[in-house]
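The lines below spell out each chain.
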Amino acid sequence: MEGVENWPAECADRYREAGVWRDETLGGLLAEWAERSGESTAIVSGDERISYTSLDRRAAELATGLLARGLRPGDRVVVQLPNTATFAIVLFGLLRAGIVPVLALPAHRRTEIEHFVTHAQAVAYFIPDHDSGFDYRTLAAEIPTPDHVFVAGDPGPYTALADVPEPAGPLPDIDPGDVAVLLISGGTTGKPKLIPRTHRDYAYNARGSAEVCSLTANDVYLAVLPAAHNFPLACPGLLGTLGAGGRVVMAPAPSPDVTFGLIERERVTVTALVPPLVRLWVDTVEWDRRDLSSLRLLQVGGAKLDTELAGQVRPVLGTTLQQVFGMAEGLLNYTRLDDPDDLVTTTQGRPMSPFDEVRVVRDGVDVLDGGIGELWTRGPYTLRGYYNVPEYNASAFTADGFYRTGDLVRRLPSGHLVVEGRVKDVINRGGENVSAGELEEHLLAHPAVAQAAVVGVPDQTLGEIVCAAVVLVPDASVKLKELKAFLSARGLARFKLPDRLAILPTFPVTAVGKIDKKAVLSRL
Ligand code: OOB
């Protein structure tokens, strides 16, 4: 595929010899899993239960049908489907046909979808008729229309997805080094970028993650976050669970009223959440009596989990916590199941693979363990360049292939990383730099504060001033003066104290449920 930067040959050889890269494609793996697991249930979605055999057959039939309609291997399409069995069938159908999905999230709207369609020159768009009260056909009508719009459900003026499958016929040979999917970057600056993930690197991503989580055929994974996001898709998520022979349950919404019922009914053993959802689950368990005792592992990632909330996971939810510091670009860090509690509650884990190379860099030089710097990384499942943006890639990657993550981290002697914020998330208050991440942590230590987001607000005199936006715990109250005294008592420098306090009822969140700082700023 054009616009994709490959790993240099010597790296490829090394990864292949070590067996981390194998001669496998994601579509081919499904066929192997179907041979192994046959009639066991692969996917549960509402009342539907789909076996491995049936998932494999339906993927092959969809692939055949798409090729018969003129789609070609290497074509790009945009997929925007909620957590349903259809998501899995469409994904594997495309993988089988060698058609590359841009995995959009259900919350994306015209600006993002239009960008994906034009940037990837997509020839098709896959949507539900409606979901969570939104009619996706109206969105299809607003974008430069690709050749095909396939609709799960009532197609309106478009093509019903149900009409596409044909009896399975010959399918193309696919190279394990070909791009399998284009993931969306979670980046907060500019338009989202597209991340090429190859069959073999993504297969390793899922397999390595399943190993770290000790997944077996007895595991039941609940997809709570949108399945198109890397975390629930392959860390180990849907792909890792199917690889282990387990069962994936699709949650139509992340709220406890939906998910707790599914955990009880399906005896769910593993799931993954972003921190704001952990807060909601912990608060709900206090009065909700549904049985969550089957849950053995709760993965939390996507944004920093504060230590106090981390400490509540085992006592309140009755399950082992795993912190996951990952990125759609590749590198995954996990706390291990046998790590001591203090590492699990206070760090964001260590790299998944012995082949992950990690540098912590400040002003161009590597800092010693314990110092804070920007995380640079390369490895067998970390991209070498975003799709088709050569100018951007020139600054996002070093000449020798390290991806500059933009995350500020501290590395402990054990190799565990602590995320300290984002390189650019610094407020310049009249020439003094205030790290948003640092101040947020201190704010969260205040008993009245449930969630905190520190943002810079334009100011005539200082350029920028520090605004602490907070969501309070129920029935609590706090004043700016009191917060400042509290922060001073914690030994914080005077220039770092917030100039403004904004109390919000809830925080706006991104498509995957992280606190959306840009949107917070616009609400002040
Ligand atoms: C995951 O992926 P993305 O691509 O949506 O976002 C990646 C960024 C990271 O660069 C970092 O800034 C932040 O999200 N992040 C965390 C974190 N996990 C991700 N910041 C602090 N603590 C954490 N535990 O968010 C993602 C992908 C795979 C697995 C898990 C998360």
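Since we're looking at a predicted model, the values are computed, not measured. (Residues numbered from 1 in each chain as written. Predicted model: local features only at pLDDT ≥ 70, side-chain atom pairs only at ≥ 80, totals over all residues. Heavy atoms only, no water.)

## With respect to the overall build of the protein
The number of helices and strands found in the protein is 17 helices and 28 strands. The dimensions of the protein, computed from C-alpha atoms along their principal axes, are 70 × 55 × 50 Å. Considering the protein as a whole, with its 524 residues, one finds that 57% of them fall into the buried category. Counting contacts in the protein only where the partners sit at least 6 residues apart, residues at least 24 apart contribute 67% of the total. About 21,300 Å² of surface is accessible on the protein, with carbon and sulfur atoms providing 50% of the total. Side-chain charges of the protein comprise 51 positive and 66 negative groups, with the mean position of each set lying 4 Å from the other. (Helix = DSSP H or I, 4+ residues; strand = E, 2+ residues; numbered from the N terminus. Buried < 20%, exposed > 50% of the residue type's maximum accessible area, 1.4 Å probe, protein only. Contact = heavy atoms within 4.5 Å. Areas by Shrake-Rupley, 256 points an atom, 1.4 Å probe, with all protein chains shown as cover. Lys, Arg positive; Asp, Glu negative; His and termini not counted. Charge placed at Lys NZ, Arg CZ, Asp CG, Glu CD.)

## Things to note about unusual backbone geometry
In this chain, Cys235 is followed by Pro236 through a cis amide linkage whose omega measures -10 degrees. Tracing the chain through its elements places Pro236 in the loop between helix H8 (230-234) and helix H9 (237-244). Look at Asp363: it is not a glycine, yet its phi comes out positive at around 50 degrees. Along the polypeptide, Asp363 turns up in the loop between strand S19 (357-362) and strand S20 (365-366).

## Observations concerning the sheet that holds strand S15 (residues 297-301)
Taken in spatial order, the nine strands line up as S2-S1-S13-S12-S14-S15-S16-S17-S18 in an open sheet, and their pairing is mixed. If you trace the sheet from one side to the other, it starts and ends with strand S2 (48-51) and strand S18 (350-351), each paired once. As judged from the four bridges shared by strand S14 (residues 270-273) and S15, these two strands associate in the parallel manner. Bridging across to S15, Val270 finds its partner in Leu297. Sitting on the sheet, H9 touches strand S1 (41-45), strand S12 (220-223) and strand S13 (247-250), and the angle it makes with S13 is about 150 degrees. (Pairing = 2+ DSSP bridges. Axes fitted to C-alpha atoms, helices over the stretch in contact; angles between N-to-C directions.)

## Let's talk about the packing of helix H2 (residues 26-37) against helix H4 (residues 85-97)
Contact pair H2 / H4: the axes reach a minimum separation of 7 Å and the direction vectors enclose 115 degrees. In this structure, H2 uses Leu26, Gly27, Gly28, Leu30, Ala31 and Trp33 to contact H4, whose residues at the interface are Phe92, Leu95 and Arg96. Among the residues making up the contact of H2 with H4, the classes are represented as six nonpolar, two polar and one charged. (Nonpolar A, V, L, I, M, F, W, Y, C, P; charged D, E, K, R; others polar.)

## Remarks on the UniProt feature "domain: AMP-binding enzyme C-terminal" (unreviewed entry) in the protein
As recorded in UniProt, the feature "domain: AMP-binding enzyme C-terminal" (unreviewed entry) lies at residues 438-514. Annotation note: span residues 438-514, helix share 22%, strand share 32%, distance between end C-alpha atoms 18 Å. (UniProt positions renumbered as here; feature names shortened; annotations may be inferred.)

## Observations concerning the environment of Val90
As for its placement among the helices and strands, Val90 is situated in helix H4. According to the relative accessible area criterion, Val90 is buried, its value standing at 1%. Distance from Val90 to Ala59, taken between C-alpha atoms, is 6.8 Å for residues 31 residues apart in sequence. The contacts of Val90, once residues within four sequence positions are left out, are Leu62, Val79, Leu81, Phe126 and Leu161.

## So, the nonpolar core
Ranked by size, the top nonpolar core spans 125 residues in total, and within it Ile43, Leu55, Phe92, Phe126, Leu238 and Leu242 carry the most contacts. The contact partners of Phe92, leaving out residues within four places of it in the chain, are Leu26, Leu30, Trp33, Leu55, Ala59, Leu238, Leu239 and Leu242. The next biggest cluster of nonpolar side chains, apart from the first, holds 22 residues, and it includes Val100, Ile113, Phe116 and Tyr136. (Core = buried A, V, L, I, M, F, W, Y, C linked by side-chain atoms within 4.5 Å.)

## Examining the site of the ligand
Every one of the 20 residues lining the ligand counts as a neighbour, but His229, Val324, Ala328, Asp407 and Lys514 are closest to it. The contact in question runs from an oxygen atom of the ligand to an N or O atom on the side chain of His229, over 2.9 Å. The backbone of Ala328 places a nitrogen or oxygen atom 2.9 Å from an oxygen atom of the ligand. Taken by itself the ligand offers 590 Å² of open surface, and the protein chains cover 92% of this. Here the element with the most residues in the shell around the ligand is strand S16 (residues 320-327); it accounts for four residues. For the shell around the ligand, the per-class residue count stands at nine nonpolar, seven polar and four charged. (Near = heavy atom within 4 Å. Polar contact = N/O pair within 3.5 Å; in protein donor to acceptor, adjacent residues only side chain to side chain.)

## A closer look at the pairing of strand S3 (residues 76-79)
By the alternation rule, side chains of S3 split into Arg76 and Val78 and Val77 and Val79, which are all buried. Taking the sense of rotation as the criterion, the β-α-β connection linking S3, H4 and strand S4 (residues 100-103) turns out right-handed. Pairing analysis gives three bridges linking S3 to strand S5 (residues 124-128), with the strands arranged parallel. The residue of S5 that forms the bridge with Val77 is Ala124. (Right-handed = clockwise from strand over helix to strand, strands pointing away.)

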